[in-house]
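# Topology and contacts: notes
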Amino acid sequence: MSVKERLIDYARYETTSYEDNESCPSNPLIFELGKHLVEEMTRIGIQDAHMDEHAYVYGYIDGNTEGKTIGLISHMDTSSQASGHNVQPRVIENYDGKDIVLNENVITEVARFPELKNYVGKTLIVTDGNTLLGGDDKAGIAVAMEVAEYLIQHPEVPHGKVYFGFNPDEEIGRGADLFDLDYFKCDFAYTLDGSTPSEMEYENFNAAAAVVKVTGISTHPGSAKNAMINPINVAMEFHNNLPVAQRPEYTEGYEGFSHILDIQGNAETCTMKYILRDHDAKKLEEKKQLFRDIETMLNNRYPKGTVKVELRDQYRNMLEKFEGNSEPLDIVREAMKELGMNCTPVAIRGGTDGAQLTWRGLLCPNLGTGAHNYHGRHEYVVVEEMEEMVRLVLQILSKAVRQ
């Protein structure tokens, strides 16, 4: 099975994760992909392939020479920002550089996604326009499995012990929570959860979540004067006190943001959900404090307790953990150089399981997969980039032996 065939196979499994479900996995359908992966891992010869009660899938390949023990990690779940039900992948051979008609209502326009011009003549995997594709992160799983099969079929390739881990619930920030580091005993690991092969990510946002709950007073609108407090209006006041320039659609690079994800309300209550992000931990604290300050201001304007802000830290920037611990980064740089690739460090405008695992003690930078336009109907994967990632990971494992 090729890396392309693997992605198409995995993409058809519905694995949307749901933040409102506190169970792990947040979607029991993830067990189906996990079971499928264990069967495939066993078939190709990965040792101790198994899935635990929370849908974490593990296995390993013994080393054939002395070298670093390295882990490869990808997540099985997909974002809830677009449907993951009945995904229908479609292969475009020899892409012509023009707009891609996914269906009569959905067109991936080159004007909106100009990076498509980089892939003229390449093979793309897209959707039918009704769902996301799930390349985030099933392309990563496909790369890892292709690497595993190659190592098993080519015992002459020197490598140390290699662990494989496929987990649920990365998209809701909980993928690393129950990851079994007592089993996954590596010198360091790599998440395969990025985009282009030349990118290496070891810097990410500090992250927090905010829930703003507004409690109003509902009365008949005909006699509402000086009595009604419309919680939707109060919620809009709260939102309009946040800096417009700090919305994600106006930020890039190292600029942080506050992003409203959801708003639900009626005449009695209204709830808004936000995510807060910044590479600078101090600036994230300032964003959190602004939420508290707006809460105080509105509770002084309206009855006490009208607005309640709940803040929760999610993950931290892994950059500082690599200070004095650059070996996993140096190996990637050297492997890319040997393959004629230009290594491009990228500060992640988001987070990965690797960030949390790094803070748990397992250094875990992030590498590419060949997937693009995550979390939406316009998602696509470049097959040649997946194949390039397979070569890069094999080179990394070989380099770790030589080191």
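Coordinates for the structure precede this section.
A brief report on the enclosed structure follows.

Quick notes on the rules
- Residues numbered from 1 in each chain as written.
- Predicted model: local features only at pLDDT ≥ 70, side-chain atom pairs only at ≥ 80, totals over all residues.
- Heavy atoms only, no water.
- Helix = DSSP H or I, 4+ residues; strand = E, 2+ residues; numbered from the N terminus.
- Rg over C-alpha atoms; globule rule 2.2 N^0.38 Å.
- Buried < 20%, exposed > 50% of the residue type's maximum accessible area, 1.4 Å probe, protein only.
- Contact = heavy atoms within 4.5 Å.
- Salt bridge = Lys/Arg side-chain N within 4 Å of Asp/Glu carboxyl O.
- Phe/Tyr/Trp six-rings, centres within 6.5 Å; stacked < 30°, edge-to-face > 60°.
- Lys NZ or Arg CZ within 6 Å of the ring centre and 35° of its normal.
- 1 Å grid on protein atoms, 1.4 Å probe; cavity = no way out; pocket = protein on both sides within 12 Å on 5 of 7 lines; lining within 4 Å.
- Points joined across faces, edges and corners; volume = space filled by probe spheres on them.
- Nonpolar A, V, L, I, M, F, W, Y, C, P; charged D, E, K, R; others polar.
- Pairing = 2+ DSSP bridges.
- Axes fitted to C-alpha atoms, helices over the stretch in contact; angles between N-to-C directions.
- Expected span 1.5 Å × (residues − 1).
- Arc of directions from axis to C-beta.
- Polar contact = N/O pair within 3.5 Å; in protein donor to acceptor, adjacent residues only side chain to side chain.

What follows is about the overall build of the protein. In terms of helices and strands, the protein carries 8 helices and 18 strands. Rg of the C-alpha trace for the protein: 23 Å, near the compact-globule value of 22 Å for 403 residues, within the 12% margin. Along the longest, intermediate and shortest principal axes, the C-alpha atoms of the protein span 85 × 50 × 40 Å. Out of the 403 residues in the protein, the part that is buried amounts to 53%. Within the protein, contacts between residues separated by at least 24 positions form 78% of all contacts whose residues are at least 6 apart in sequence.

Tallied over the full model, the rule gives 15 salt bridges. Of the charged contacts, one joins Glu93 and Lys4 as a salt bridge, the two residues approaching to 3.7 Å between their closest N and O atoms. In this pair, Glu93 sits in the loop between strand 4 (90–92) and strand 5 (100–101) while Lys4 sits in helix 1 (residues 3–11), placing the two residues 89 residues apart along the sequence. According to the relative accessible area criterion, Lys4 is partly exposed, its value standing at 24%.

Taken as a whole, this structure holds 16 aromatic pairs when the rule is applied. When the centroid spacing of 5.7 Å and the interplanar angle of 80° are considered together, the rings of Tyr163 and Tyr183 count as edge-to-face. Of the two residues, Tyr163 sits in strand 8 (residues 162–167) while Tyr183 sits in the loop between strand 8 and strand 9 (188–192), which places them 20 residues apart along the sequence. A relative accessible area of 19% places Tyr183 in the buried class. The interplanar angle of 85° and the centroid separation of 5.1 Å between the aromatic rings of Tyr274 and Phe291 together place this pair among those described as edge-to-face. Residue Tyr274 is located in strand 13 (residues 269–278), and its partner Phe291 is located in helix 5 (residues 281–301); the two are separated by 17 residues in the primary sequence. The buried category is assigned to Phe291, whose relative accessible area is 0%. The structure contains a cluster of three or more aromatic residues connected by ring pairs, namely Tyr56, Tyr58, Tyr60, Tyr163, Phe179, Tyr183 and Phe184. Between Arg316 and the ring centre of Trp359, over which it is positioned, the NZ or CZ distance is 3.7 Å.

Any empty space left between the atoms is revealed when a probe the size of a water molecule rolls over them. In this structure, the second largest pocket occupies an estimated 230 Å³ of space. What lines the second largest pocket is a set of 14 residues, and nearest its centre among them are Asn206, Ala281, Tyr315, Arg316 and Asn317. Among the elements of the structure, strand 11 (206–215), helix 5 and strand 14 (307–315) are those that each provide at least two residues to the lining of the second largest pocket. By residue class, the composition of the lining of the second largest pocket is 6 nonpolar, 4 polar and 4 charged.

On to the pairing of strand 3 (residues 70–75), then. Taking burial as the measure, the 6 residues of strand 3 include 6 buried ones, the bulk of the element. Neither face of strand 3 is exposed, since Ile70, Leu72 and Ser74 on one face and Gly71, Ile73 and His75 on the opposite face are all buried. Inspection of the sheet shows strand 3 paired to strand 8 by 6 bridges, in the parallel sense. Following the sheet pairing, Ser74 is matched in strand 8 by Phe166. Both strand 3 and strand 9 contribute to a ladder of 4 bridges, which runs parallel. Across the sheet, Ile73 pairs through a bridge with Thr191, a residue of strand 9.

Here we take up empty space enclosed by the protein. Under the definition given, this model contains 3 cavities of 30 Å³ or more. Volume-wise, the largest cavity comes out at about 50 Å³. Per-class residue counts for the lining of the largest cavity are 4 nonpolar, 3 polar and 1 charged. Computed from the structure, the second largest cavity encloses a volume of approximately 40 Å³. A total of 3 residues in the lining of the second largest cavity trace back to one element, the largest contributor, which is strand 3. Counted by class, the lining of the second largest cavity contains 1 nonpolar, 5 polar and 4 charged residues.

For the rest of this paragraph, the subject is the sheet that holds strand 7 (residues 124–126). Strand order in the open sheet formed by 4 strands is 4-7-18-17, and the pairing between neighbours is antiparallel. Where the open sheet ends on each side, the last strands, each with one partner, are strand 4 and strand 17 (371–372). Lying on the sheet, helix 1 is in contact with strand 4, strand 7 and strand 18 (380–382); it crosses strand 7 at an angle near 5°.

This paragraph deals with helix 5. Over its 21 residues, helix 5 extends 31 Å from the first C-alpha to the last, a length consistent with the 30 Å expected when each residue adds 1.5 Å. Those residues of helix 5 not exposed but buried are Leu284, Lys287, Lys288, Phe291, Ile294, Glu295, Leu298 and Asn299. Projected down its long axis, helix 5 carries its buried residues within an arc of 135°, all on one side. Along helix 5, exposed side chains directed more than 90 degrees from the buried face belong to Lys282 and Asn300. Summarising the contacts, the buried residues of helix 5 are in contact with strand 11, helix 4 (231–240), strand 12 (257–265), strand 13 and strand 14. A side-chain oxygen of the first residue of helix 5 lies 2.8 Å from the backbone nitrogen of Lys282; this N-cap is Asp280.

It is worth spelling out the environment of Ser74 at this point. Relative to the elements of secondary structure, Ser74 occurs in strand 3. On the accessibility criterion, Ser74 (2% relative accessible area) is buried. As for Ser74 and Gly175, which are separated by 101 residues in sequence, their C-alpha atoms are 9.8 Å apart. Beyond its immediate chain neighbours, meaning those up to four positions away, Ser74 contacts Asp137, Gly140, Ile141, Gly165, Phe166, Asn167 and Leu192. In terms of polar contacts, Ser74 uses its side chain to reach the backbone carbonyl oxygen of Gly140, at 3.3 Å. Reaching out from Ser74, the side chain makes a polar contact with the backbone oxygen of Leu192 at a distance of 3.4 Å.

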